[in-house]
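Summary of the model geometry
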Amino acid sequence: MVTSEGLSGSPPAQAAKQHGVTSPISVAGPTEADIRRSLELEKFLVDAGLYETSEETQKREEVLSQIDQIVKDWVKQLTHQRGYSDQMVQDANAVIFTFGSYRLGVHGPGADIDTLCVGPSYVNREEDFFIILHDILADMEDVTELQPVPDAHVPVMKFKMKGISVDLLYASISVLVVQQDLDISHGSVLYSVDEQTVRSLNGCRVADQILRLVPNVEHFRTTLRCLKFWAKRRGVYSNVTGFLGGVNWALLVARVCQLYPNANPSMLVSRFFRVYTQWRWPNPVMLCSIEEDDLGIPVWDPRKNPRDRLHHMPIITPAYPCMNSSYNVSTSTLRVMMEQFQNGNKICEDIDLNKAQWSSLFEPYLFFETYKNYLQVDIIAADADDLLSWKGWVESRLRQLTLMIERDTNGMLQCHPYPTDYVDSSKQSSHCAFFMGLQRKEGVSVQEGQQFDIRATVDEFRHSVNMYMFWKPGMEIFVSHVRRRQLPSFVLPDGYKRSRPARLMSQQQADKISRREECGVNSTDRRLKRKRSSEEMADLKTSRPEKRASVSPQRTESVSPECSSRSSRTSLVSSVEDNSEVLPTGNVNSIIATNAERTPDNKNDVNEVVRRNSFDNLSIASNKDKSVSTRELSSMSGITCHTELCEEVQRDTGSNGGSDSQCSSLGEVLDVNPELLLDNGCIDIGFQDVTEELKPNVAIGIFLKAREGVNAESTQKSVIRHVF
């Protein structure tokens with residue numbers, strides 16, 4: 001039987017009287033308006049489908065009972081195989097406990113069940129749990145999607161039983177016989193166990209402590225259910241990618257419940273955002289004082305442990321040994337969460353003033369409309385089963401990529417990993433992809449054209465991913481840089497189509513022609529006018545070549561309307577947006593010039609016209625036809641010829657010439673097919689999305705590498721893939 005402590009959703013009979021390490025902020029109760037808003041909130045949560053039916057609840061209990069019987073038989077089998085007496089075999093036992101959302105009573109339909117199996121000392125995790133029990137589960141018809149993760153911070157075996165997702169942990173305690181009424185809240189269970197066992201046991205111990213330390217369990221549950229739903233809608237619910245998981249949100253909500261012990265759920269939600277918008281991190285969030293014991297297990301203490309001083313958002317668990325449950329949070333993910341807290345606080349203020357409804361708080365986060373630049377991590381495997389395990393491993397390493405980028409760029413390049421995976425159903429192989437938003441750190445002055453070289457960072461990430469002990473042929477990973485306008489269609493909502501500069505230009509020209517025709521301008525007059533205009537422009541260029549200004553796409557005020565050329569502008573815009581040629585094969589190091597400033601989509605016709613005019617004087621010519629050097633060409637056209645790119649092209653193409661020959665080779669490539677290099681990011685231009693407001697001097701460059709045999713897809717025309 002599963003223990004009542006493991007299955008029951010109700011808190012222990014005796015609740016702790018102390019509700020936190022400080023006095024409450026307010027002991028005021030709800031007003032009539034607060035009561036009304038709480039009823040509206042609960043109705044919204046019910047309508048959103050956050051509560052499961054009684055049939056689903058019964059099915060979960062059946063699954064837990066079945067798992068309990070499986071682990072009992074498993075331990076008896078191992079006891080018999082190892083030659084213990086018949087009495088020992090009869091007494092052999094294992095106990096199942098629950099923790100997480102199920103234990104706290106805030107789980108919803110489709111949620112997994114976090115379970116812990118506690119077994120005797122002679123049954124180990126490495127062989128007995130991850131091999132023997134794994135094989136037992138694999139042979140069962142009711143078990144699907146079995147995925148062992150032995151190298152996780154808390155080793156876990158994931159699977160589905162009768163359609164219910166289960167995360168199963170194992171803890172081997174220092175006893176020969178595990179009693180059925182085992183009390184894991186007692187510190188004796190921690191004697192002579194390893195750190196992984198301590199972490200596994202602490203899941204259950206922390207859940208029990210939370211329920212003991214909150215003033216009102218039902219208000220806590222409603223508030224936590226609400227905040228978890230909000231976090232998922234806003235893309236900040238994921239411990240593995242550097243945000244916060246279920247236990248983190250539970251601890252944050254529990255602390256607010258302690259600070260406002262008499263508040264109802266609507267008040268607690270509002271106070272949650274108010275408190276954590278003003279919280280001065282890295283001051284820790286604690287439900288009780290940190291307990292020290294003579295077991296010698298380290299506890300979170302930045303005074304003694306230097307590593308604890310590096311934590312950005314410490315949220316301390318209330319059970320011994322007290323640990324920071326949010327050690328995964330990085331500078332970038334903390335920044336994202338603080339922005340979301342501020343947004344939630346503003347909406348809750350409007351709700352309190354009857355200016356907004358609860359639905360506005362749960363609007364989904366438009367991640368793919370927030371940034372201008374993204375890293376796309378494609379994960380491919382031979383079949384669905386391999387993809388499941390491969391994806392789980394890569395996802396667990398994604399936060400390391402965020403930390404590596406922060407480290408190698410001194411925090412100047414900020415990452416926003418999005419915790420949702422996307423599937424490209426058009427691919428024949430099993431596939432999914434994760435995305436990271438990129439932006440330069442705001443408020444820091446930088447030199448124009450400053451670049452971020454993250455090739456070595458991606459290589460390091462590759463090596464860590466390749467350490468996967470269950471790797472199989474067909475498991476591959478690709479890292480590519482995509483701009484917002486180049487995002488693949490499978491991440492966009494159905495029916496949503498992005499604006500394309502070439503089409504917008506064509507429409508503007510069509511409207512202008514239509515207006516001219518309405519005014520009686522015939523085609524002959526238009527041809528004569530275009531001819532005269534071209535001749536005048538040619539005379540102007542011939543008579544005053546030395547006064548031609550260097551046009552920068554970032555400086556709109558220097559554009560001269562008299563020097564505009566609609567044909568060249570249309571050609572450039574079309575080539576950047578519509579070129580679908582294959583990336584050049586071979587080891588070609590490419591420079592991707594991007595704008596990583598976060599701005600909302602702002603369609604400003606005036607700014608758009610000015611922005612496009614900044615490219616009117618852009619021309620690409622061969623050094624063989626004109627006596628113009630590549631450096632002079634770059635100064636005239638606004639194109640930057642990077643010495644590093646020339647050197648890499650020389651090495652990868654086998655050229656042995658000096659710097660002159662390198663730039664000449666680049667000029668020849670430009671002469672042959674300029675659109676190809678523009679599309680693949682091999683030349684640095686400040687091109688921006690037409691839906692974005694022009695921001696001067698904010699372009700960033702990201703270096704990535706391509707290897708032989710990798711092609712550019714039509715939806716990712718400027719993608720530079722890194723093949724592992």
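Residues numbered from 1 in each chain as written. Predicted model: local features only at pLDDT ≥ 70, side-chain atom pairs only at ≥ 80, totals over all residues. Heavy atoms only, no water.

1. Structural notes on the overall build of the chain
From N to C terminus, the chain includes 21 helices and 13 strands. For the chain, the proportion of its 724 residues judged to be buried stands at 51%. Taking as baseline every contact in the chain between residues at least 6 positions apart, the subset at least 24 positions apart corresponds to 77%. When the accessible surface of the chain is totalled, it reaches about 33,400 Å², and 49% of it is carbon and sulfur. (Helix = DSSP H or I, 4+ residues; strand = E, 2+ residues; numbered from the N terminus. Buried < 20%, exposed > 50% of the residue type's maximum accessible area, 1.4 Å probe, protein only. Contact = heavy atoms within 4.5 Å. Areas by Shrake-Rupley, 256 points an atom, 1.4 Å probe, with all protein chains shown as cover.)

2. Concerning helix H9 (residues 246–259)
Along its 14 residues, H9 runs 20 Å from first to last C-alpha, staying within 8% of the 20 Å computed at 1.5 Å per residue. With twelve of 14 residues buried, H9 is to be regarded as a mostly interior element. Buried within H9 are the following residues: Asn248, Trp249, Ala250, Leu251, Leu252, Val253, Ala254, Arg255, Val256, Cys257, Gln258 and Leu259. Check the buried side of H9 and you find it contacts helix H5 (100–104), helix H7 (195–213), helix H8 (217–233), helix H10 (265–277) and helix H11 (331–352). (Expected span 1.5 Å × (residues − 1).)

3. A few points about the environment of Leu487
For Leu487, the position within the fold is in the loop between strand S10 (476–483) and helix H14 (501–518). Separated by 119 residues in the primary sequence, Leu487 and Phe368 have C-alpha atoms spaced 8.1 Å apart.

4. Describing the environment of Glu476
Relative to the helices and strands, Glu476 is located in strand S10. By relative accessible area, which is 35% here, Glu476 ends up partly exposed. If near-sequence neighbours (up to four positions away) are discounted, Glu476 is found in contact with Asp378, Ile379, Ile380 and Trp390.

5. A closer look at the sheet that holds strand S5 (residues 164–172)
With respect to topology, five strands assemble into an open sheet ordered S1-S2-S5-S4-S3, the strand pairing being mixed. Looking at strand neighbours, the two that pair on one side only are strand S1 (95–99) and strand S3 (143–149), the edges of this open sheet. Neighbour to neighbour, the strand axes of the sheet diverge by 25 degrees on average, direction disregarded. When strand S4 (residues 156–161) meets S5, the two strands line up antiparallel, connected through five bridges. Paired with Phe159 across the two strands is Val166, which belongs to S5. (Pairing = 2+ DSSP bridges. Axes fitted to C-alpha atoms, helices over the stretch in contact; angles between N-to-C directions.)

6. Overview of the confidence of the model for the chain
On average, residues of the chain score 73 in pLDDT, and 65% of them reach the 70 mark or higher. Long-range and interchain partners of residues 497–531, a stretch whose pLDDT sits below 50, account for 32 contacts in this model, where long-range means more than four residues apart. Contacts of residues 536–724 to residues separated by more than four positions or lying in other chains number 352 contacts, the stretch itself having pLDDT below 50. (pLDDT = per-residue confidence, 0-100.)

7. Some remarks on the packing of helix H3 (residues 54–81) against helix H6 (residues 125–138)
Where H3 contacts H6, the axes come no closer than 11 Å and their chain directions differ by 120 degrees. Judged on the interaxial angle alone, H6 and H3 are oblique. Between H3 and H6 the crossing geometry is right-handed. Contact residues: Ile70, Val71, Trp74, Gln77 and Leu78 in H3; Asp128, Phe129, Ile132, Leu133, Ile136 and Leu137 in H6. Class assignment of the residues belonging to the contact of H3 with H6 gives a composition of nine nonpolar, one polar and one charged. (Parallel < 35°, antiparallel > 145°, perpendicular 65-115°, else oblique. Left-handed = near helix turned anticlockwise from the far one by under 90°. Nonpolar A, V, L, I, M, F, W, Y, C, P; charged D, E, K, R; others polar.)

8. Topic: the pairing of S5
For S5, a buried count of nine out of nine residues is recorded, marking the element as mostly surrounded by other parts of the structure. A two-sided burial pattern is seen for S5, the buried positions comprising Ile164, Val166, Leu168, Tyr170 and Ser172 on one face and Ser165, Asp167, Leu169 and Ala171 on the other. Bridge analysis of strand S2 (residues 113–119) against S5 gives seven bridges, and the strand direction is parallel. Across the sheet, residue Ile113 finds its bridge partner in S5, namely Val166. In sequence, S4 turns back onto S5 through a hairpin of two residues, with Lys162 there showing a positive phi of about 55 degrees.

9. Focus: the side chain of Ser326
Tracing the sequence through the fold places Ser326 in the loop between H10 and H11. According to the relative accessible area criterion, Ser326 is buried, its value standing at 1%. Excluding residues that lie within four positions of it along the chain, Ser326 makes contacts with Leu244, Asn248, Met313, Pro314 and Ile315.

10. Section: the packing of helix H12 (residues 384–408) against helix H13 (residues 455–465)
To describe two helices that pack against each other, one gives the angle between their axes and the distance between the axes. Axis separation between H12 and H13 bottoms out at 9 Å; the angle between their running directions is 150 degrees. On the basis of their axis angle, the class for H12 and H13 is roughly antiparallel. In this structure, the crossing between H12 and H13 has a hand that is right-handed. Facing H12, whose interface residues are Trp390, Trp393, Val394, Arg397, Leu398, Leu401, Met404, Ile405, Arg407 and Asp408, H13 presents Thr457, Glu460, Phe461, Ser464 and Val465. The residue inventory of the contact of H12 with H13, partitioned by class, reads nine nonpolar, two polar and four charged.

11. Points about the nonpolar core
Formed by 96 residues in total, the largest nonpolar core has its most connected members in Ile210, Phe220, Trp230, Trp249, Phe272, Tyr276 and Trp281. Among the elements that take part in this core, H9 stands out by supplying nine residues, more than any other. Not counting chain neighbours up to four residues away, the residues in contact with Phe272 comprise Leu227, Trp249, Leu252, Val253, Val256 and Phe341. Ile70, Val71, Val75 and Leu78 belong to the second-largest nonpolar core, a separate cluster that totals 29 residues. (Core = buried A, V, L, I, M, F, W, Y, C linked by side-chain atoms within 4.5 Å.)

12. A closer look at the pairing of strand S7 (residues 413–417)
Burial of S7 is extensive: five of the five residues sit out of reach of the surface. A two-sided burial pattern is seen for S7, the buried positions comprising Leu413, Cys415 and Pro417 on one face and Gln414 and His416 on the other. Inspection of the sheet shows S7 paired to strand S8 (residues 430–440) by five bridges, in the antiparallel sense. From the neighbouring strand, Gln414 faces S8, where its bridge partner is Gln439.

13. Thoughts on the packing of aromatic side chains
In the structure shown here, the tally under the stated rule is 33 aromatic pairs. Centre to centre, the rings of Tyr422 and Phe435 are 6.0 Å apart; their planes meet at 80 degrees, and the pair counts as edge-to-face. Placement of Tyr422 in the loop between S7 and S8 and of Phe435 in strand S8 is noted, with a sequence separation of 13 residues between them. Neither Tyr422 nor Phe435 differs from the other in exposure class; each is buried. Here the aromatic residues Trp230, Trp249, Phe272, Phe273, Tyr276, Trp279, Trp281 and Phe341 are joined through ring pairs into a cluster of three or more. (Phe/Tyr/Trp six-rings, centres within 6.5 Å; stacked < 30°, edge-to-face > 60°.)

14. Quick look at H3
Here H3 is 28 residues long and its end C-alpha atoms lie 41 Å apart, about the 40 Å a rise of 1.5 Å per residue gives. Within two residues after H3, Gly83 carries a phi angle of roughly 80 degrees, on the positive side.

15. Some words on the pattern of salt bridges
Across all of its chains, the model carries 22 salt bridges by this definition. Lys304 is the salt-bridge partner of Glu292, the closest N and O atoms lying 3.9 Å from each other. Here Glu292, found in the loop between H10 and H11, pairs with Lys304, found in the loop between H10 and H11; they are twelve residues apart in sequence, far enough to count as distant. Arg407 is the salt-bridge partner of Asp408, the closest N and O atoms lying 2.8 Å from each other. For Asp408, a relative accessible area of 36% translates into the label partly exposed. Counted as one network, the salt bridges with shared partners bring together Asp34, Arg37 and Asp352. (Salt bridge = Lys/Arg side-chain N within 4 Å of Asp/Glu carboxyl O.)

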